[in-house]
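Remarks on the overall topology
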Amino acid sequence: MPERPTARQWLSRNARRASFWPLISVAAGGASTLLLFLLAWAIASIVQKMILDDADLSTLTPYLVALPLAFVGRGALSWLKTEAGTRTGILVRQSIRRELLEHLGERGSLWARRQHSATLGNRVWDQVDALQGYYADFRPQILLSGLVPLMILCVVFPLNWAAGLILLLTGPLIPMNMAMVGMGAKQRQEEQFQEMTRMSRHFLDTLRGLTTLKLFGQSRQQGQIIYRVSENFRRKTMRVLRLAFLSSTVLEFFSSVSIALMAIYIGFTYLGQFHFGDWGHGLDLFTGLFILILAPEFYQPLRDLGAHYHAKAEAEAAAEDLIPILEARATPPEANMLSARWQVPNSLGLVLDNIHARYDGQTRYAIEGLTLTLAPGACLAVVGPSGAGKSTLLNVLTGALSPAQGTLSTSDGEDVARMYPGDWQAALGWVGQSTSLLSASLADNLRLANVDASDQTLEAALNEVGLLEWASSLPQGLSTRLGEQGQPVSGGQARRIALARAFVRQAPLILLDEPTASLDQDSERHVMAALSRLKASHTLIILTHRLDLLQLADQVLVLDNGHMRALDTPNNLAGTPGFGPDTHGGTA
């Protein structure tokens, strides 16, 4: 297994995602320095000729023309540098966020359900966004901090070696200060990220339980807890900001002292106190003023680097949390173990042979020794008390949980474990207990099951679940926005929309988890009718404890404590002990 990269290695490696934009940012900074030379030359020449040479105004025309051109050119290059840096950060963030979401998808819904949603949201949004400053500002500034001072030294040294020596000796003071500041910045940034994650989780949990807190009179006490959590985050954020502002102050101090040393040297040279550094040619007004104009710009890239140094610490802290997910890709089957690409059949059956399955960190099997055969087009109902293993069976069927022993194969002999990733999921449709609707159009919500589905297919699916008339009455029909700031949808309608997705999906195997739970009689009647039509052309596996749903089943699987207790028709099982409405009150 390859060694996991450090935060710096990972950040450096991902810089290539930005294509050519970082080069444009650095090139714009270098070109701006060339225009600085033109600007300094024009200003120094004008002063020299007006004060000492008493030149005619007409002789100043080239310098007066060069001056505004240099100002405008530097402004344009500054905009280009900022634009290129911004695009660099956006491209890298978009690429990393896309890869992060792909990795979360590879981990599967089972892994995602075991993570706190606030933590996942913090990683996908806040921590990826924390990389913006590093790629947009800090990395280009590293190159400019070496390039721009070098260009200035190459111009200053031939004019005056003492001035060049002052710049060369005082320049390293700023990077040394940044290195000392950076020792504590990363740790403080990591602490802030951890506190932000805790605060996000706490706020989300509080919002979810707000009704319960109100009912039990605990809302005021919870408000005090939220205040303490917020205060902890505020203190850690202020520590980070304090360090950033103090480091900027120190950088300004060192650069100001260095510029003052340069001014003192030039001033005393003009007064005749110093007689060195001018290569024997003397120091005229033009040369001294030219060097003084360049001196602040020599330190400016280093000061800018110090101002962006906190972005490096922030990015490294974010990278430490992202690397374990992005570098731990789910291991696919070996290439020589994969079957040829599997084509999804029109009708699909299943064979489970001695399936044993357990969750990570558990020693006890959640399902043990399960063996059954489901013919294509059949309907299997799975019942059992909470903890019986029903949800574990669904996790195995969807691929979220790999069996520790045994094999899952299709009725035509294809081993699911040897299929290419994604081939098996293409054969599955899913209807869960809770329905998620996007704040988007009705058509978009239905096309979650099949992005290529036509409007005719969507209307046919709505007709199957008894919602076509309702959809036709909406203001914009299929284009009507649902949910927040859109068309309100009842719980029964949402469940039937989820069932309509199963028709849109056109997958041969449909998995349903309590499809009629918490529905009113009218909605339940429509769902039952839709399931009867779905059964006519699909293989169904239904987790339920409702007796009316059992009448749809060709076979009923009774699970208890991870073991198969019975497998028979509903009529034959009607009198079996442990099979009835009073003992199957939930799913597991």
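So, how was this worked out
The residue numbering used here restarts from 1 in each chain and proceeds along that chain's sequence as written. Restriction of local features to residues with pLDDT of at least 70 applies here, the model being predicted, together with a cutoff of 80 or more for giving and counting side-chain atom pairs; totals for whole chains, interfaces and linings are based on all residues. Here the side-chain values reflect all heavy atoms present in the structure, with hydrogen atoms and water set aside. UniProt positions are given in the numbering used here, feature names are shortened, and annotations may be inferred rather than shown by experiment. A pair of strands is considered paired only if DSSP assigns at least 2 bridges between the two. Strands here mean DSSP runs of E at least two residues long; helices mean DSSP runs of H or I at least four residues long; both are numbered from the N terminus. Lines are fitted to the C-alpha atoms to define the axes, a helix being fitted only along its stretch in contact, and any angle between axes, read from their N-to-C directions, falls within 0 to 180 degrees. We call two residues in contact when some of their heavy atoms are within 4.5 Å. Stacked, tilted and edge-to-face are the three classes applied to pairs of Phe, Tyr and Trp rings, where Trp contributes its six-membered ring and a pair requires centres within 6.5 Å; stacked means planes under 30 degrees apart, edge-to-face means over 60, and tilted covers the rest. With a 1.4 Å probe rolled over the protein chains alone, any residue whose accessible area is under 20% of its type maximum counts as buried; one over 50% counts as exposed, and the rest are partly exposed. Multiplying one less than the number of residues by 1.5 Å gives the expected span of a helix. Here the bend at each residue means the angle between axes fitted to two seven-residue stretches, the one ending at that residue and the one beginning there.

Under an unreviewed UniProt entry, the name given to the chain is Thiol reductant ABC exporter subunit CydD, and the organism recorded is Larsenimonas rhizosphaerae. Turning to the chain, the UniProt record has this under Subcellular location (unreviewed entry): "Cell membrane".

**Concerning the sheet that holds strand E7 (residues 539-543)**
Across the sheet, six strands lie side by side as E5-E6-E7-E3-E8-E9; this open sheet has mixed pairing. With partners counted over all chains shown, the strands left at the sheet margins are strand E5 (428-431) and strand E9 (563-568), one partner each. For this sheet the average axis-to-axis angle between neighbouring strands, irrespective of direction, equals 20 degrees. Two strands pair when backbone bridges link them, and strand E8 (residues 555-560) and E9 are joined in this way by five bridges, in the antiparallel orientation. Each bridged residue has a counterpart across the sheet, and for Val556 the counterpart in E9 is Asp568. On the sheet, helix H17 (residues 521-535) packs against strand E3 (379-383), strand E6 (509-513) and E7 and is oriented at approximately 145 degrees with respect to E7.

**As for the packing of aromatic side chains**
The full count for this structure, using the stated rule, is 12 aromatic pairs. Summarising the aromatic geometry, the rings of Tyr134 and Tyr135 are spaced 4.9 Å apart at their centres and angled 90 degrees between planes, so their arrangement reads as edge-to-face. Each of the two residues, Tyr134 as well as Tyr135, counts as buried. With 6.0 Å between their ring centres and 35 degrees between their planes, Trp342 and Trp424 make a pair best called tilted.

**Description of helix H11 (residues 309-326)**
If you check H11, its first and last C-alpha atoms are 25 Å apart, about what 18 residues at 1.5 Å a residue would give, namely 26 Å. Glu320 marks the point of greatest bend in H11, at about 35 degrees, and the proline Pro324 comes within the next four residues. Extensive coverage of H11 is indicated by the burial of 13 of its 18 residues.

**Structural notes on unusual backbone geometry**
Positioned with a positive phi, Ser19 is a non-glycine residue whose angle comes to about 60 degrees. Tracing the backbone shows Ser19 in the loop between helix H1 (7-13) and helix H2 (21-52). By relative accessible area, which is 49% here, Ser19 ends up partly exposed. Non-glycine residue Glu514 carries a positive phi angle of around 50 degrees. Tracing the backbone through its elements, the reader meets Glu514 in the loop between E6 and H17.

**Digging into the sheet that holds strand E4 (residues 405-410)**
The three strands are arranged E2-E1-E4 in an open sheet whose pairing can be described as antiparallel. Taken across any chain shown, the strands that pair with only one partner, and hence form the sheet edges, are strand E2 (367-374) and E4. With strand direction ignored, the average angle separating the axes of adjacent strands in the sheet is 10 degrees. Two elements, strand E1 (residues 350-357) and E2, share five bridges in a ladder whose sense is antiparallel. Looking at the pairing, Ile355 lines up with Leu370 of E2. Packed on one face of the sheet, helix H12 (residues 390-398) meets E1, E2 and E4 and runs near 120 degrees to E1.

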